[in-house]
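# Architecture at a glance
Here is what each chain is made of, one letter per residue.
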Amino acid sequence: MLEKECKIKSRKYGKLSLDTIFVGGGTPSLLSPDNLRTLGRIIHTYFDLTNLTEFTFESNPGTLDAEKLKTMREIGANRLSMGLQSSSDETLSLIGRIHNKATFEESYKLVREAGFDNVSVDMIFGFPNQTLEDVKQDIGYLTSLKPEHISAYSLMIDEGTMLEQMLDDGKVTLPPEDVERQMYYAYREMLSNAGYVQYEISNWAQPGRQSQHNARYWRDKDYIGIGPSAHSLMLGERFGNPDSLDTWSESLANDQDPGILQEKRSIDDHMTEYMFTGLRMLEGISLEGFQSTFGQSIDEAYPGIVDSLIERGLLAKENGYIHLTDKGLDLGNQVFVEFVR
Amino acid sequence: MSERQKHIRNFCIIAHIDHGKSTLADRLIEATGVLTAREMENQVLDNMELEKERGITIKAQSVRMVYKHTDGEEYILNLIDTPGHVDFSYEVSRSLAACEGAILVVDSAQGVEAQTLANVYLAIDNDLEILPVLNKVDLPSADPEAARTEIEDVIGIDASMAPCISAKNKINIPEVFDRIIDTLPAPSGDENAPLKGLVFDSYYDTYKGVIVHTSIKDGSVKAGDTIRFMNSGSTYQITELGYFKPGGYVPTKELLAGEVGYIIASIKNVRDITVGDTITLDSNPASEPLPGYHDVHPMVYSGIYPLDGSEYDELKEAMEKLQLNDAAFHFEPETSAALGFGFRCGFLGLLHMEIIQERLEREYNMDIITTAPSVIYKVHKTDGTVIDLDNPSNLPPTTEIEFMEEPIVSASIMTPKEYVGNIMQLVQERRGVYLDMKYLDVTRVILEYEIPLNEIIYDFFDSLKSRTKGYASFDYDLKGYAQSDLVKLDFYMNGEIVDALSFIVFRDNAYPRARKLAERLKDVIPRQQFEVPIQAYIGGKIIARETVRAYRKDVTAKCYGGDITRKKKLLEKQKEGKKRMRQFGSVEIPQEAFMEILKID
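Before going into details, it helps to say that this report is about the structure given with it. All figures in this text were calculated on a predicted structure; none of them were measured in a lab.

Across its full length, chain B holds 15 helices and 32 strands. Among the 601 residues that make up chain B, the fraction classed as buried is 58%. Considering only contacts within chain B whose residues lie at least 6 apart along the sequence, 69% involve residues at least 24 apart. Total accessible area computed for chain B in this model is approximately 24,800 Å², and 47% of it derives from carbon and sulfur atoms.

Below, the structure is given as structure tokens:
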């Protein structure tokens, strides 16, 4: 089916040249070596990979073994993203993760042994009952592990999850907002002290190890998504594949592109997205870049907005860029909403 | 009386909400074939969206029907619709003065209600003949004989001949027609006397200008005539006149004494037409105008401001148009330190205020902020002068005030007897003074009170409904003014006064109300970048205080390819929400905050 979608997409767009690949969404590390080899063959058949610099597999600890890792390397993967979320077994079991710290450690070791020299670890903070000390321990653990890249997300409670139910029932409580922010500040401070550079609201990397793939989303570059629920931005059009595996396969069985056009971006849409994704990057948005993309300056497109946000202490302007301030990192949505057109 | 006038009946329908007035009107219209079945929409007369939704009549509408009586003759029946709520007794009086008779519709399961009573008395005062009709006789709970006895006992009119009908299920409708023709008087104007036409309503039409609704009491008028409005003195040449049909107009050559119709005369200036004025011919004027309507003064005042200050002119235009169709609505420009330029508006009551507000929002697409409603207080100053205060912000400093008076109303509340305790408690909370209680029959009583008007302009009606499961009905009349210990309550946000939230309150109620309101404000004002203290003051003294905590965090942690569209939609929604807020210094206050003032209970 994946192959079918690649075939249909390549009929539409031709053989696309890829800079980065990210195999994610769920747990692709569950794939068997044979599956992985098929996946590799599809990718190599339908896409031009001469400019490929970053090829990441997402994985969950406990689902990896040496053979799978070796196969990933063989089909060209050079980066591995691992979901740890927390270094506390208690927290991990509370959120229903199947792994614990020990299984993670084991997997991490295998990954390194397989030759992956670019590893990213995903963390979450602000879990129910979590303390600032717990988070500092998480961070201490990370800095001893020294992955090349770290993503740390403030916990989002998704609707319909067990966690939401437990919170509603009062079985668990979230840390107060100011404690949650202190957790974030701890990440910022401790990772910086350990030599990491924060380059996005929730992302840190050792120098030169920023994710090229993620930056495409924030830098307004085209991307193509294959598989159920995958999204694409191609030539100013956003597509979303159906979430349901059945609906997705049905389209393909009928030789149709499963992508549903979500929007044909207008200039206003484009500008809105350009601003709120670009400002997620700590570097911010280049005034010149905006001018050359839209043929007008930010101040012309958004009269008075930048100045008022600077006044509110949420935005800073320096060296030809505007970027979020420390306070702006906490209140990003307040900034982004001002750039909605 | 001319032979022609003998074949005309001008009448209105009086009923309590839900007793079936609009349904009966529909049946009459349907039976006379004014509309084809296809054109017949339910409840033809209530043609404002808002009226249909609330099931009440706000704007009087009229329709002309032709009915062939059992005597073989054709009769012209002019039905003039009347509003049904206590706030609109003025509109009722206008409609009544245009008629000779009134149909009183009583729900035979529920009997006479307080509001009906008030309107019936108004009709009797206007010398109208009353024709009682017992509706909904086919309901299992109907007791037409009890309702008949009640009409006779409570209102004191003969109901022995009252038709028993079901407007909904078309039972006995012809009997209503027969009774209209047989018992309601025909008009008896002098066709040859100088013209006297009563202006009982007016509408604004974008193409034709002002359309005047009139009941011709004496004389005649035709297209081309120059008419004079006797009170305003302005003159116009008639371009078109005619009769009403549901939702429209039928032009004719002339209107004669006893007829009801409309006049169009290229009237552009809405202020030239006052309802209650008398139309006469410029060339042969009547010696004196018709006895006027009661001059109606607004009972409740509040400020209305555009949410976006740049929409002041649009708001003004919308209000001018509304005023044309609603003579009871008053407005004049005012300025608020917090809200900028807006209008001080006068209303008949709180429902009237809500309706104007909703019409501005729905029909004119305005985003508005309404300030705390106020009644007119009489402020006796130490220098001996008295001011009528309709805006709490204009209250002079306490050192200049000798004493204040507030308006008091006589209220009658009709209720099944099991709710008497609840009502007594409610009225006591609202400083009501008990006067009397009468049994209407074994199950129902009527309670008489005196209550300060400022206690009922807020949520009294809602509270009454909720404490009596909707069974109590309520009516009031302004009785006079009484001295009272009143104070002004001010609210400060982030250290700045928001004058639009100021209101005047009885001193003993000030503390609990200030505390409650501060709490409510805390809940409706969204968290902002900074901590926002809310303080309630009397004079220089803080009596309540709450704090809207600053938000520490408002950021989405994850935003990758698949999240962008969803995230953008969320931001767009957030932006829409911001539009519904008004910026006060550094604080954003949503529209709802101003509505919280209205809720006491």
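Attention now moves to the sheet that holds strand β15 (residues 321-324) of chain A. The strands that make up a sheet are held in pairs by hydrogen bonds between backbone atoms, and each pair lies either parallel or antiparallel. Residues and elements named next belong to chain A. On the basis of which strands lie adjacent, the open sheet formed by three strands has the order β13-β15-β14 and antiparallel pairing. The open sheet has two edge strands, β13 (285-286) and β14 (315-318), and neither has a second partner. Note that β13 and β15 share two bridges and pair antiparallel. When the sheet's bridge partners are listed, Ser 286 is paired in β15 with Tyr 321.

Residues and elements named next belong to chain B. Relative to the helices and strands, Leu 128 is located in the loop between α5 (114-125) and β5 (129-135). Given the relative accessible area of 8%, Leu 128 is considered buried. Taking the C-alpha atoms as reference, Leu 128 lies 8.5 Å from Leu 184; in sequence the two are 56 residues apart. Those residues in contact with Leu 128 that lie beyond four places of it in its chain are Cys 12, Leu 96, Cys 99, Glu 100, Gly 101, Ala 102 and Ala 123.

Residue and element names in this part refer to chain B. Topologically, Glu 334 is positioned in strand β17 (residues 330-336). Within polar-contact distance, the side chain of Glu 334 engages the side chain of Arg 344 at 3.0 Å. In this structure Glu 334 touches Gly 303, Tyr 305, Gly 340, Phe 341, Gly 342, Phe 343, Arg 344 and Asn 391, once residues within four positions along its chain are discounted.

On to the side chain of Gln130(A). Residue and element names in this part refer to chain A. Its place among the elements puts Gln 130 in the loop between β6 (119-125) and α6 (132-145). Gln 130 sits in the buried class, given a relative accessible area of 5%. A polar atom in the side chain of Gln 130 sits 3.0 Å from the backbone nitrogen of Phe 127. Beyond its immediate sequence surroundings of up to four residues, Gln 130 is in contact with Ile 124, Phe 125, Val 135, Asp 138, Pro 175 and Met 183.

Next up on the list: the interface of chain A and chain B. Facing 41 residues of chain A, the contacting portion of chain B comprises 24 residues. Approximately 3,200 Å² of surface area, both sides summed, lies buried where chain A meets chain B, with 54% of it carried by carbon and sulfur atoms. Joining chain A to chain B, the criterion identifies six salt bridges. Here Lys568(B) makes a salt bridge to Glu273(A), at a shortest N to O gap of 3.0 Å. Counting across the interface, chain A meets chain B through 23 residue pairs in polar contact (both at pLDDT 80 or more). Elements represented by at least two residues in the side of chain A that touches chain B include exactly β7 (149-154), α8 (177-193), α9 (212-218), β12 (260-264), α11 (267-278), α15 (326-330) and α16 (332-336) of chain A. Residue composition of the side of chain A that touches chain B, grouped by class: 15 nonpolar, 12 polar and 14 charged.

Take the packing of aromatic side chains next. This structure, assessed with the given rule, holds 32 aromatic pairs over all chains. Taken together, the aromatic side chains of Tyr153(A), Tyr199(A), Tyr217(A), Trp218(A), Tyr223(A) and Tyr560(B) make up a single cluster linked through ring pairs. Here the basic side chain of Arg64(B) rests over the ring of Tyr243(B), its NZ or CZ set 3.4 Å away from the ring centre. Geometry around Tyr481(B) places Lys378(B) over its ring, the cationic atom sitting 4.8 Å from the centre.

Thresholds applied
Sequence order sets the numbering: in each chain, residues are counted from 1 along the sequence as written. Written order determines the labels here, with chains lettered from A and ligands numbered from 1. Only residues with pLDDT of at least 70 get local features here, since the model is predicted, and only at 80 or more are side-chain atom pairs given and counted; chain-wide, interface and lining totals rely on the full set of residues. Water and hydrogen atoms were dropped before computing side-chain values, which therefore reflect all heavy atoms in the structure. In this text, helices come from DSSP runs of H or I with a minimum length of four residues, and strands from runs of E with a minimum of two, each type numbered from the N-terminal end. Categorising residues by exposure relies on relative accessible area from a 1.4 Å probe, with only protein chains included: less than 20% of the type maximum marks a residue as buried, more than 50% marks it as exposed, and the intermediate range marks it as partly exposed. In this analysis, two residues are considered to be in contact whenever any of their non-hydrogen atoms come within 4.5 Å of each other. Every accessible area reported is derived by Shrake-Rupley at a probe size of 1.4 Å, with residue values counting cover from the shown protein chains alone. Pairing between strands requires that DSSP locate at least two bridges from one strand to the other. N or O atoms within 3.5 Å of each other form a polar contact, as long as, within protein, one can give a hydrogen and the other can take it, and as long as residues adjacent in sequence are counted only when both atoms are side-chain atoms. Buried surface area refers to the total accessible area, computed with a probe of radius 1.4 Å, that the two partners give up upon joining, counted for both partners together. The term salt bridge refers to a side-chain nitrogen of Lys or Arg lying within 4 Å of a carboxyl oxygen of Asp or Glu. Residues were grouped as follows: Ala, Val, Leu, Ile, Met, Phe, Trp, Tyr, Cys and Pro as nonpolar; Asp, Glu, Lys and Arg as charged; and all remaining residues, including Gly, as polar. Working definition: a ring pair exists when centres of Phe, Tyr or Trp rings (six-membered ring for Trp) sit within 6.5 Å. Plane angles under 30 degrees give stacked, over 60 give edge-to-face, the rest tilted. Cation placement over rings: the criterion is NZ of Lys or CZ of Arg within 6 Å of the ring centroid and within 35° of the ring normal.

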